[in-house]
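Spelled out from the first residue to the last, the chains are:
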Amino acid sequence: MQQNVPAPEDSTPPATPPRRGPWLVVRELTQTALIALLVYVLLQAVVSPYQVDGASMAPALQNHERVLVNRMAYVGLDLNQLRDLLPGPDSDSADLHHPFGLPERGDIVVLDPPVPEASGEPYIKRVIGLPGDSVSFRQGYVYINGERLDESYIDGAITSCRGDYCEIGAIPNDSVYVLGDNRRHSADSRTFGAVPIDRMIGKAVFANWPLDLIGPISGEDYGE
């Protein structure tokens, strides 16, 4: 009868993993820090924090509420500037494109207010009129292209207007008309007119403070 003979045990001690030298640890920490810095810079380029200053957007947004702003939402690219990098004659005109879209009616946006209204701080407002729209005000309501705008986020006929920008025949192709939701306490397009899209810092997309108000910020559906 054949007997099974146990295999001899391997007496070779297990290999000890090489110890990492201090310079290797420093290099790994440096790489981690650089990656974290790169991620931070990229996030700042795309998303920026903004604190609401004042009550012009109440009740949708409260004073001192903090929101995150998508800075890429309305970014414009001049293709002619890119073409000018290539050999050949330069172009004197702009060929502007918005790869991520243009402002839509109801968007809540952060913008640099037009001079001379600029106070050094950005404004946060709601887009009401789009390029080509006519804007007017009657009996406390906003009219777009002759039709009364149904605004569920405000309390009835509270929108008055006195000034040079209460009757807009056609908003310029590169601009939008903005209003604060708190119509009695808002400096907006009724005061300084339509705002060029290139003054838009971005679109408010998420409320992140205080805790009881955390959540996405959505535009208004006007049933268009």
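Let us look at the structure shown here.

About the criteria used
- Within every chain, residues take consecutive numbers counted from 1 along the sequence as written.
- The predicted nature of this model means local features are confined to residues of pLDDT at least 70 and side-chain atom pairs, given and counted, to a pLDDT of 80 or more, with totals for whole chains, interfaces and linings taken over all residues.
- Side-chain measures here rest on the full set of heavy atoms in the structure, leaving out hydrogens and waters.
- Counting from the N terminus, the helices are the DSSP runs of H or I reaching at least four residues and the strands are the DSSP runs of E reaching at least two.
- Three exposure classes are used, based on accessible area relative to the maximum for each residue type with a 1.4 Å probe and protein chains only: buried under 20%, partly exposed in between, and exposed over 50%.
- We call a pair of cysteine sulfur atoms a disulfide whenever their separation is within 2.5 Å.
- Should a side-chain nitrogen of Lys or Arg be within 4 Å of a carboxyl oxygen of Asp or Glu, the pair is scored as a salt bridge.
- Nonpolar cores were defined as sets of buried Ala, Val, Leu, Ile, Met, Phe, Trp, Tyr and Cys residues, with membership established by side-chain atoms within 4.5 Å.
- Pairs of residues are marked as contacts when any of their non-hydrogen atoms sit within 4.5 Å.

## Quick look at unusual backbone geometry
- The linkage connecting Ala-58 with the following residue, Pro-59, adopts the cis geometry, with an omega of 5°.
- With respect to the element layout, Pro-59 can be found in the loop between strand E1 (47-51) and strand E2 (66-70).
- In this chain, Trp-209 is followed by Pro-210 through a cis amide linkage whose omega measures 0°.
- Unlike most non-glycine residues, His-64 shows phi in positive territory, near 75°.
- In this structure, His-64 sits in the loop between E1 and E2.
- Judged by its relative accessible area of 48%, His-64 is partly exposed.
- Residue Gln-139 is not a glycine yet carries a positive backbone phi of 50°.
- Its location among the elements puts Gln-139 in the loop between strand E7 (135-138) and strand E8 (141-144).

## Comments concerning the state of the cysteines
- The tally for this structure, following the rule as stated, stands at one disulfide.
- Disulfide pairing places Cys-161 opposite Cys-166 at an S-S distance of 2.0 Å. Handedness of the Cys-161-Cys-166 disulfide follows from its S-S torsion of about -90°: it is left-handed. Of the two residues, Cys-161 and Cys-166, neither departs from the other in class, the shared state being buried.

## Focus: the pattern of salt bridges
- Summed over the entire model, instances satisfying the criterion amount to five salt bridges.
- Note that Arg-126 is salt-bridged to Asp-181, the shortest N-O span being 2.7 Å. Of this pair, Arg-126 sits in strand E6 (residues 123-129) while Asp-181 sits in the loop between strand E10 (175-179) and helix H3 (189-192), placing them 55 residues apart in sequence. Comparing Arg-126 with Asp-181, the two get one shared label, buried.

## Quick word on the nonpolar core
- The biggest cluster of nonpolar side chains holds 16 residues, and the ones touching the most others in it are Ile-128, Val-135, Phe-137, Val-142 and Tyr-177.
- Elements supplying a minimum of two residues to this core: E7, E8 and E10.
- Phe-137 has contacts with Val-142, Thr-159, Cys-161, Tyr-165, Cys-166, Glu-167, Tyr-177, Leu-179 and Arg-190, leaving out every residue within four places of it along the chain.

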